[in-house]
Amino acid sequence: MKNLFRILLLLPLACINMQVFAAEYTIKFSHVVAAQTPKGQAADLFAKLVDERTHGRVKVEVFPNSQLYDDNKVLEAMRLSDSKTTGIMAAPSLSKFVKFSNTLQAFDLPYLFNDMNDVHKLVDSPLMDRLTTGLDKKGLHALTVWDNGMKVFSINGKKPLRRTPADFKGKKFRIQSSKIAGSMIEHLGGTPQSLPFKEVYTALSQGVVDGQENTWSNIHSKKFHEVQSYISVSNHSYLGYLVVVSDEFWKNLPADIRAAVASALKDATKANREYAIIADKADRKKVEEDKHAKVVELSKSERAAWRKATAPVWKEFRDEIGGDVIDDLNKLLGRK
Ligand code: LMR
């Protein structure tokens, strides 16, 4: 009787231990945004689906808000990692692959996409494989693309960004580590400054930079609008993510496990597109309702002027990205 009592008492502990030991593989999923964003939600769903579909053989631990690494460090950590049982996975924005791929920079070209339908035309096309070619050789295995949304510009000061170069002149803008974003800001008339995402709020609030470009979901979840005066609805480029994992870890997973993880990722990707649509609308509304920064629509002629001002960026990066890739992109998106 006494023994039975002891067994019953210790049973939950034994189960916990069994669960802990049952996981043969661990995936540490590192990201820099808040958990409630489209990327955060997709990562959490992915973790849940992997657990279900591998029956606990793979455990995905999600680390949001740059808790584990920032986006630039995570790619280095992934490349250095040679563990066959613990893999690092991340979904850095496409702009952050600049050190590893010239062709992927195409995503940053200003006004490449009119809307998210254009983005999906590219992401779901065979051209996407060409854009990610060569990453494996750098230790990064590309898995899928997740959405956030189109970027808008915010600024601190007395007037919104409408006219180029007049309203950009003398202003510093935080950008991601993207050469194309840097050139775009210069062509608009401002000065770019690359900073990690986790430093943006402080840099804006202390006046280290005057403005930044980001999506509604990132602006709202990190409260950028609370330290900015105006947001211009420019929708000038796309913010999306390339989900990557250490190549070494991925190649060494048993085929059945790899298939289960891939199927979880497929469903998380489908859900991510929905999360992104919802967040884009809801977070814009919340920013407007918060009444910290005033949201400004650009007129048709203002939009045309921004497009014209940034057009030289395309020529500047044509050779680096690959002229054939740019031509095929234009064809795919129905441009001249
Ligand atoms: C940024 O650095 O602004 C974004 O890439 C952050 C993110 O992951 O959405």
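Analysis parameters
Residues take numbers from 1 onward in each chain, read along the sequence in its written order. Totals for whole chains, interfaces and linings use every residue, but because this is a predicted model, local features are given only for residues with pLDDT of at least 70 and side-chain atom pairs only at 80 or more, for both listing and counting. Where side-chain values are given, they derive from all heavy atoms of the structure, hydrogens and water being excluded. For two strands to be treated as a pair, DSSP must find no fewer than two bridges joining them. Counting from the N terminus, the helices are the DSSP runs of H or I reaching at least four residues and the strands are the DSSP runs of E reaching at least two. Look down the strands so they point away from you; if going from the first strand over the helix to the second traces a clockwise path, that crossover is right-handed. Axes, fitted as lines to C-alpha atoms, cover a helix only where it is in contact. Angles between the N-to-C directions of the axes lie from 0 to 180 degrees. Whether two residues touch is decided by their heavy atoms; if any such pair falls within 4.5 Å, the residues are in contact. We call two directions roughly parallel when the angle between them is under 35 degrees, roughly antiparallel when it is over 145, roughly perpendicular when it lies between 65 and 115, and oblique otherwise. In this scheme the handedness of a crossing depends on how the near helix is turned from the far one: anticlockwise by less than a right angle means left-handed, clockwise means right-handed. In these notes, a set of buried Ala, Val, Leu, Ile, Met, Phe, Trp, Tyr and Cys residues joined through side-chain atoms within 4.5 Å is what counts as a nonpolar core. Under the scheme applied here, a residue whose accessible area is under 20% of the maximum for its type counts as buried, over 50% as exposed, and between as partly exposed, the area being computed with a 1.4 Å probe on protein chains only. The domain limits used here are those given by an automatic or database domain assignment. What counts as buried area is the accessible surface, traced by a 1.4 Å probe, that two parts surrender upon association, with contributions from both included. Here a salt bridge means any side-chain nitrogen of Lys or Arg lying within 4 Å of a carboxyl oxygen belonging to Asp or Glu. Distance and chemistry together define a polar contact, namely a pair of N or O atoms within 3.5 Å, with one atom able to donate a hydrogen and the other to accept it when in protein, and with adjacent residues in sequence counting only for side-chain atoms on both sides. Amino acid classes used here: Ala, Val, Leu, Ile, Met, Phe, Trp, Tyr, Cys and Pro are nonpolar; Asp, Glu, Lys and Arg are charged; the rest, including Gly, are polar.

(A) Looking closely at the pairing of strand 2 (residues 58-63). As paired strands, strand 1 (residues 25-30) and strand 2 are joined by six bridges and run parallel to one another. Counterpart to Ile27 in the pairing with strand 2 is Val60. For the crossover from strand 1 across helix 2 (residues 38-53) to strand 2, the handedness is right-handed.

(B) Spotlight on the sheet that holds strand 3 (residues 86-90). Taken in spatial order, the five strands line up as 2-1-3-10-4 in an open sheet, and their pairing is mixed. Edge positions in the sheet fall to strand 2 and strand 4 (140-150), since each has one partner strand and no second. Recorded for the sheet is a direction-independent mean angle of 20 degrees between the axes of neighbouring strands. Bridge analysis of strand 4 against strand 10 (residues 238-246) gives nine bridges, and the strand direction is antiparallel. Its bridge partner being in strand 10, Thr144 is matched across the sheet by Val243. Where helix 3 (residues 71-80) meets the sheet, it contacts strand 1, strand 3, strand 4 and strand 10, and its direction lies at approximately 150 degrees from that of strand 3. Each of strand 1, strand 2, strand 4 and strand 10 touches helix 10 (residues 255-290); the most contacted strand, strand 4, lies at about 15 degrees to it.

(C) Quick look at the packing of helix 2 against helix 10. Direction vectors running N to C along helix 2 and helix 10 enclose 150 degrees, while the axes themselves pass 8 Å from each other. With respect to each other, helix 2 and helix 10 are oriented roughly antiparallel. Classified by chirality, the crossing of helix 10 by helix 2 is right-handed. Facing helix 2, whose interface residues are Pro38, Lys39, Gln41, Ala42, Leu45, Phe46, Leu49, Val50 and Arg53, helix 10 presents Ala260, Val261, Ser263, Ala264, Leu265, Asp267, Ala268, Ala271, Asn272, Tyr275, Ala276 and Ala279.

(D) Representation of the nonpolar core in the model. Ranked by size, the top nonpolar core spans 53 residues in total, and within it Leu104, Phe107, Phe113, Phe153 and Leu242 carry the most contacts. Residue contributions to this core peak at five residues, all from helix 6 (residues 179-188). Counting the residues that make up this core, at least three belong to each of domain 1 (2-94 + 116-147 + 241-283) and domain 2 (152-237 + 289-332). Within the second largest apolar cluster, 46 residues are counted, among which are Ile27, Val32, Val152 and Phe197.

(E) Quick peek at unusual backbone geometry. The peptide bond linking Thr164 to Pro165 adopts the cis configuration, its omega dihedral lying at 5 degrees. Mapped onto the secondary structure, Pro165 falls in the loop between strand 5 (152-155) and strand 6 (172-175). A positive phi angle, near 55 degrees, is found at Asn65, a position not held by glycine. Assessed through its relative accessible area of 33%, Asn65 is described here as partly exposed. Look at Lys223: it is not a glycine, yet its phi comes out positive at around 60 degrees. Given the relative accessible area of 42%, Lys223 is considered partly exposed.

(F) Geometry of the side chain of Ser125. By the element assignment, Ser125 lies in the loop between helix 4 (116-123) and helix 5 (127-132). Given a relative accessible area of 10%, Ser125 falls into the buried group.

(G) How the structure looks around the domain arrangement of the chain. Partitioning the chain into structural domains gives domain 1 (2-94 + 116-147 + 241-283) and domain 2 (152-237 + 289-332). Taking both sides of the interface into account, the surface hidden between domain 1 and domain 2 amounts to around 1500 Å²; carbon and sulfur atoms contribute 56%. Of all residues in domain 1, Leu127, Arg130 and Asp283 give up the largest surface area on contact with domain 2, accounting jointly for 30% of the area buried on that side. In this structure, the connection of domain 1 to domain 2 is made through three salt bridges. For Asp70, the salt bridge goes to Lys198, with nearest N and O atoms at 3.7 Å. At the junction of domain 1 and domain 2, the tally comes to four residue pairs in polar contact (both at pLDDT 80 or more). At the level of secondary structure, the elements contributing two or more residues to the side of domain 1 that touches domain 2 comprise helix 4, helix 5 and helix 10. Among the residues making up the side of domain 1 that touches domain 2, the classes are represented as nine nonpolar, seven polar and five charged.

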